[in-house]
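# Chains, contacts and geometry: an overview
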Amino acid sequence: MVSAERAVAVISPDSAPVKRLMHEAEDKGLLVNATYGRRTRSVVVMDSKHVILSAITPEKLAVRLDGEYEPGENDDGEE
């Protein structure tokens, strides 16, 4: 779980700058891998400089952070 109020950005992990951001966060001990071994589909940047990796797509994660997500919603097996 993360605090939605502290999330600064939800971005895709595909670009070189984001990969660099992930590497730098790992070097500083600020990377949290919450993918449970699945493919990284989104990166959440927090106001504390922590970088969180998620297996949920940026679009779906944005909906969850906005508070529009209903628990039990499961349209693609990501629960």
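Preceding this paragraph is the structure being described.
Rules used in this analysis
Residues numbered from 1 in each chain as written. Predicted model: local features only at pLDDT ≥ 70, side-chain atom pairs only at ≥ 80, totals over all residues. Heavy atoms only, no water. Helix = DSSP H or I, 4+ residues; strand = E, 2+ residues; numbered from the N terminus. Buried < 20%, exposed > 50% of the residue type's maximum accessible area, 1.4 Å probe, protein only. Areas by Shrake-Rupley, 256 points an atom, 1.4 Å probe, with all protein chains shown as cover. Salt bridge = Lys/Arg side-chain N within 4 Å of Asp/Glu carboxyl O.

### Side note on the overall build of the chain
Looking only at helices and strands, one finds 2 helices and 4 strands in the chain. Walking the chain from its N terminus toward its C terminus, one meets helices and strands in the order β-α-β-β-β-α. Counting across all 79 residues of the chain, residues that qualify as buried make up 25%. With the model as given, the accessible surface of the chain reaches about 5400 Å², and the carbon-plus-sulfur share is 52%.

### Structural notes on the pattern of salt bridges
Oppositely charged side chains may form a pair once their charged atoms are brought near each other. Taken as a whole and judged by the stated rule, the model has 1 salt bridge. Salt-bridge contacts for Asp-47 lead to Arg-6; the nearest nitrogen and oxygen are separated by 2.9 Å. Placement of the pair is Asp-47 in the loop between β3 (42-46) and β4 (51-54) and Arg-6 in the segment before β1 (7-11), with a sequence separation of 41 residues. Here Arg-6 falls in the partly exposed class, since its relative accessible area comes to 41%.

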